Amino acid sequence: MTTKAGTPVPTPVPTPASAHRPAGWVRTRLRANPAAALLMAALTLVTVFLAASFPRVADRGADAALRDYVSHQGLNLTSLQAATKTRTGDTAAELDSAHEQIATRIGRELTLSRPGEAYGTKAQTEAKMHNPGYARLSDNAAPTISLLYLHGLADRVTLTAGTWPGPAPATVGAPLPIVVSEKAAATVGIKLGDTVDNGAGGPGTGPSSVVTGFYRVNEPLDPYWDDLGCPARACLHMGPNGINWWQTTGFVDSGSVTALALWGSGGDNFWRLPVDPASLRADQLDRTRATIASFQTGRGASALVDATKRADLHTTSNLSDLLTRADARYQAAMPLSAIGPAGVAGVAVVVLFLAAALTTDRRTAEIRLLQARGGSRGGVLLRLLGEGAATVLPATVLGTALALVLLPTPRWGYAVLAALVAALCALLAFPARAALLWSRNRAVGGWRRAIGELVVLAVTVAAVAEVRRRGVGHSGAGVDPLLVAAPLLLAVTGGLVLARIEPVVVGWLAALTGRSRGLVGFLGLARAARDNSGRRRPSALPLLALLIAVTTAGFGATVLDTVDHVRTQAARIATGGDASVVIPEYATLSESFTKAAGALPGVRAATGVRVEGKALFIGADKESTEAYLVVAEPTAYAEIARTLGRGEFDPAKLAGTPGGRDTPVPALFSRDLAKRLAAGDPQVRVPSGNQVRTTVAGTVTATPALPDPGKPFVVVPAGPAAERLPELNRMNKWFAVGDPDPEQVRAVLRDGGVTQPTGMAKLIADEAAAVGKATHGLPAGYTVHSSREAAAALADDPLQHAAGRLFWYAAAAGGGFALLAVLLTLFRAAPDRTAVLARLRTMGLRPRQGLALIVAEALPQTLAAAVGGGLVAAAAVGLLGPAFDISTLVGAEVGDALTPALMPVLLPTAGLALLVCLGVVLETLVAGRRQIATELRAGEQQ
C-alpha cells in the first residue's frame, strides 16, 4: 500500500496484553541450567538436614541418658517425701484428702509416677516382742516389730491365713489388731491369734497387739517396699557388741491411725510421691531443681501447707542432688561429643565455598558482562541472592522439617538455629565469591593470605594453650566453644600448612617424573601442582576439606579407642584380673576348685589367694599398724600383677627358704610402710595372735588382690608362709588372667567350691539371698567377677552410647563431604582438563591413558590429605590429650589421658582415603570418557 507524500503512516498502538514483558531473572537463570539448580538444592538439603539433626541427636541422647540414670536410682532417691506428725483424730480419709491435695499441687509442676506412690502412717518407735518362745538370736535381744498403716496394702499383698485387721477397739489398752508376714511369723514363731507383748520397759509394761492374719508380699524385691521397713520377712539386725535380733513390720487397719500413734509413742504421716523419670528433660534440669527446692522451702511448700491445713508439713527429696550429679555427667560429656559435629561443620562450610567457586568459575563471563553493561555491584549481588533463595530456601525448609520429624524431641531451637546458619552459608557463598571478582584486580601479592594464615595460627595456639590450661570433660564443665573448636583449628592450621607444601612437593615430583619416558605421570602431577589458570597456587579448599575430615575421624576414633582400652583396664583392675572369685568369711576355697578353675580354657595364669584384712604390721620399733596380709603363690601372682600393670615384681624375690616358725619369709611391702623397714625385720600378726617374721623383698605401690586397699598391705609367698602358720593355707579368693568364661568358673564353683554355712553365717547368707544378692545359682557371699562383664556394665550407659554415636555420625558425614569436595574439584577443573585430553587424544593418547591422567591428577591431593590428616590427628591427640578427662565416657574415675595410637588413626584415615580414591575413579569412568568424547565431537557439531 502506498501513501501520498507527507501523509503520516498510522502506527498501531500496542495493547497491554501484547506489550513486551522481560522474563524474570530468577526464572530465566533456573531454566538456563536446571541441573546446577537441582544440585545446589540437593547440597543445601543435605547440609541443612545434618545441621538440624546433630542438635536433635544430642538432645535425644541427653534425655535418654538422664532418664536411664535416674530410673536406676530407686524410688527413694527419685521421690518427694512429705511428712507431718499424726494428730489426735486423724483418719484414713483425711490422709486420702491430704494425698490428693499434695499430689495435685506437685503434679502441676512435676510429672508423678502414680504406681510408685505410697502414703500412710508410721509408728514413731518400734517395739520389742517379749512373748516367751519367740526366736532370740542373743540373750536379752527380743525380736522387734514396727507398725504402719499403708494405703492400698491389699493390692500388693495376699492374705494367706486369718483375716484382715479391723479398727482399733475403743477400750483403752486393748490390743491393736495387726497382720504380719507369714515368713516373719515362721521365723520368729508368731502364731495366729497371738497377743504380742510390746511393752517398752519389759513384759507387761506397755501396749500390745493381736495378730489377726498372715499375708504374703506379691513382689518382695519391688522397690516400692524399700523405705517401708521389713514387710516381706523377718530381717536380721546386727547390732554392736555382737547383739543380733529379728526385726519385722506389721500393718494395721485404716481405722487404727490414731491408735497407732498411741501404740508407738507418736506417729508420722507420710506421703511418697515419685517423679516419673520419663518426664525429665536435660534442658530443664535447672527448672526442675528449682521446682523441687520450692516444694521444700519456698512457695511450693507454703502452698502445700495451705492446701492440707497442716502447718508442720515438710517435704524432703534427694532428687535435686541426683539431678545435679546427672547434669554434671552430661556437662562433662558434652565437649567430647561436640568435637565431631564441629569438624563436620568445618568440612561442610568448605564444601559450600567449593560449590560457590565452581559456580563462579562457570559464570564469571556472565557476571563481568553484567558489570560492563552498567550493572551495579549491589544490583548484581541482589539478583544472585534472589536466584540462590529460589533453590536454598525451599531446600532449607524441607531439610529442617525432615530433621524435626525424623528425630522427635521437645527441643527445636538449636536445631532451627543450626539450620538457619547452614542456610545462610549456602545462600551467601556464591554472592560472596562473586563479589571477589570486583576486588581481585586490586589484590597485590599474597600478603592477605599470609596475614590470614598467621591469624589462624595465632588463634590455634591460643586455643591449644587454653585447652591444656583448663582441660576438657571435667564434671560440670559444660561446653566451651573455644575448647570444642581446638581440634578443628588444628586441622585448619594443618590444612593451610599442607596447602603451602603440597604444590611444591608435587611440582618437585612432577619434575622428577618428567625425566622418565612416561607422559601420564608427568602431566598428572604437573596439573595437580597448579590450578586452572596455571599458577602454582591451587585452591586450598579441597585439601582443607579432606584434612579436616581425616583429622576429625582420626581424633574421634582415638578417643573411642582410648575409652574402650581404659574401660577394659579399669574393669580388670577392679576385678583383680580377668576373673576372680570372692567367698564369704566362713568359707574356704578347696584345692580341687583352684586346680579345676586354673585348668579352664582361656586361663593363662591363676592362683588362690588368702587376704586377711585384720592383720597387724609390727615394725622393729614394736609399733603396730593395721594392714592387709596377702598370701599368694609368687609365680602366678607375679604374672597377674604384670598383666594388670599393678605391683609388678620378680617372683624370685619371694622364693622363701624352708625353715622353722622363726625363720623369716620374704615379703613385699606397700610404699607407706617403706620408712619403717630399715630398722629391722618386721613381723605380721594375724587375728589368731600368731605372728610371721618377714624379711624385706621389695616395695610396691599396689597389688592385684587389693584394687583400692585404703591401708597398708604385705604380700608373702603361700608355701613358706603356710609352713610357718598352717592357717594361712586357707584361701578365700581366686584370681586369673587370660580369657576365661565366667560361666564356666561359676559352674566349677557350684560343683565343688561351695561351703555350706552354719549358725549365724547361715542366717547372714539367707538374709543376703532374701534381698537378691544370691545370683547365678551361688549362695549369697559367693561372687564370680569377670572383667568382661564389668567392662560391659561400665559401657552400658546411654550417655556413652550417645557420645559414640555422635562421633561415628560425624565421621561418616565428614567423609561424605570430603568425597564431595574432591568431586567438586574434579568438576571445577573438568572443562580445562577435557580440552587438554581432547588435544592429547588427537596426538595419539589412548583412552586408558587419558583416564589414568585424570586419576594421577586427583590422587596426589587425596594422598597428601590422608597422610597430613593422620599426622595432624596424631598431633592433636598429643597436644590436647593430656587435657581431656575421659572418666565420664569410661564410666569410672580414671587418671589416664589420651595418647597417640597408630591403629585408631590409621584405620579411619585409610578408609576415608580409599573412599575418596574410589569416588575419583568412578567419576573418571562415568563422566570423564563422556566429556572427552563430547569435546572431540565439538568440531562435527559446529
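Predicted model, so just to flag it, every value in this text is computed and none were measured.

**Some details on the side chain of Thr78**
One can find Thr78 in the loop between helix H2 (34-71) and strand E1 (79-85). Under the relative-accessibility criterion, Thr78 is labelled buried at 4%. For Thr78, the side chain forms a polar contact with the main-chain oxygen of Gly74, separated by 2.9 Å. In this view, Thr78 contacts Val70, Gln73, Pro274, Val275, Leu319 and Leu322; residues no more than four positions away in its chain are not counted.

**A word on the pattern of salt bridges**
Taken as a whole and judged by the stated rule, the model has 25 salt bridges. Notably, a salt bridge pairs Arg114 with Glu117, separated by 3.3 Å at the nearest N-O pair. Taking the shortest distance from any N to any O, the salt bridge between Glu789 and Arg746 comes out at 2.9 Å. Placement of the pair is Glu789 in helix H20 (residues 787-795) and Arg746 in helix H18 (residues 742-752), with a sequence separation of 43 residues. Here the salt bridges do not stand alone but share partners, grouping Asp59, Asp63, Arg281, Asp283 and Arg411 into one network.

**Thoughts on the layout of surface pockets**
Of the volumes computed, that of the second largest pocket is approximately 1,200 Å³. Of all the elements in the fold, those that place two or more residues in the lining of the second largest pocket are H2, helix H8 (319-372), helix H10 (413-439), helix H12 (481-514) and helix H21 (798-842). The greatest single-element share of the lining of the second largest pocket, amounting to 13 residues, is contributed by H8. Its residues assigned to classes, the lining of the second largest pocket comprises 35 nonpolar, four polar and three charged.

**Some points on the packing of aromatic side chains**
Counted under the stated rule, the structure contains five aromatic pairs. Look at Phe593 and Trp734: their rings are 5.9 Å apart centre to centre, the planes differ by 70°, and that puts the pair in the edge-to-face class. Residue Phe593 is located in helix H15 (residues 591-598), and its partner Trp734 is located in strand E20 (residues 733-738); the two are separated by 141 residues in the primary sequence. Exposure remark for Trp734: the relative accessible area of 0% places this residue in the buried category. The ring of Tyr224 carries the charged tip of Arg156 above its face, separated from the ring centre by 3.5 Å. Of note, Lys711 hangs over the ring of Tyr628, and the distance from its end group to the ring centre comes to 4.5 Å.

**Observations concerning empty space enclosed by the protein**
Throughout the structure, instances matching the rule amount to six cavities of 30 Å³ or more. Roughly 60 Å³ of volume is contained in the largest cavity. As for the largest cavity, its lining consists of Ala62, Ala65, Leu66, Ala282, Leu285, Ala326, Arg329, Tyr330 and Leu799. For the lining of the largest cavity, the secondary structure elements donating two or more residues are H2 and H8. Partitioning the lining of the largest cavity into residue classes produces eight nonpolar, no polar and one charged. Computed from the structure, the second largest cavity encloses a volume of approximately 50 Å³. Contributing to the lining of the second largest cavity are Ile339, Gly343, Pro487, Leu488, Thr551, Thr552 and Phe555. Broken down by secondary-structure element, the contributors of at least two residues to the lining of the second largest cavity are H8, H12 and helix H14 (541-575). Examining the composition of the lining of the second largest cavity, we find that three residues originate from one element, H14, more than from any other. Class assignment of the residues belonging to the lining of the second largest cavity gives a composition of four nonpolar, three polar and no charged.

**Here's the deal with the state of the cysteines**
As used in these notes, a disulfide is a covalent bond between sulfur atoms, one from each of two cysteines. Counted under the stated rule, the structure contains one disulfide. Note on cysteine connectivity: Cys230 is disulfide-linked to Cys235, with sulfurs 1.6 Å apart. Across the disulfide from Cys230 to Cys235, rotation about the S-S bond amounts to roughly 85°, and the bridge is consequently right-handed. On the basis of relative accessibility, which here comes to 12%, the residue Cys235 falls in the buried class.

**Some details on unusual backbone geometry**
We note that Ser265 has phi near 55°; this positive angle belongs to a residue other than glycine. Structurally, Ser265 is set in the loop between helix H5 (257-263) and strand E11 (267-274). Using a relative accessible area of 59% as the deciding quantity, one classes Ser265 as exposed. Residue Lys309 is not a glycine yet carries a positive backbone phi of 60°. Relative to the helices and strands, Lys309 is located in the loop between helix H7 (299-308) and strand E12 (314-317). Given the relative accessible area of 64%, Lys309 is considered exposed.

Conventions used here
- Residues numbered from 1 in each chain as written.
- Predicted model: local features only at pLDDT ≥ 70, side-chain atom pairs only at ≥ 80, totals over all residues.
- Heavy atoms only, no water.
- Helix = DSSP H or I, 4+ residues; strand = E, 2+ residues; numbered from the N terminus.
- Buried < 20%, exposed > 50% of the residue type's maximum accessible area, 1.4 Å probe, protein only.
- Polar contact = N/O pair within 3.5 Å; in protein donor to acceptor, adjacent residues only side chain to side chain.
- Contact = heavy atoms within 4.5 Å.
- Salt bridge = Lys/Arg side-chain N within 4 Å of Asp/Glu carboxyl O.
- 1 Å grid on protein atoms, 1.4 Å probe; cavity = no way out; pocket = protein on both sides within 12 Å on 5 of 7 lines; lining within 4 Å.
- Points joined across faces, edges and corners; volume = space filled by probe spheres on them.
- Nonpolar A, V, L, I, M, F, W, Y, C, P; charged D, E, K, R; others polar.
- Phe/Tyr/Trp six-rings, centres within 6.5 Å; stacked < 30°, edge-to-face > 60°.
- Lys NZ or Arg CZ within 6 Å of the ring centre and 35° of its normal.
- Disulfide = S-S within 2.5 Å.

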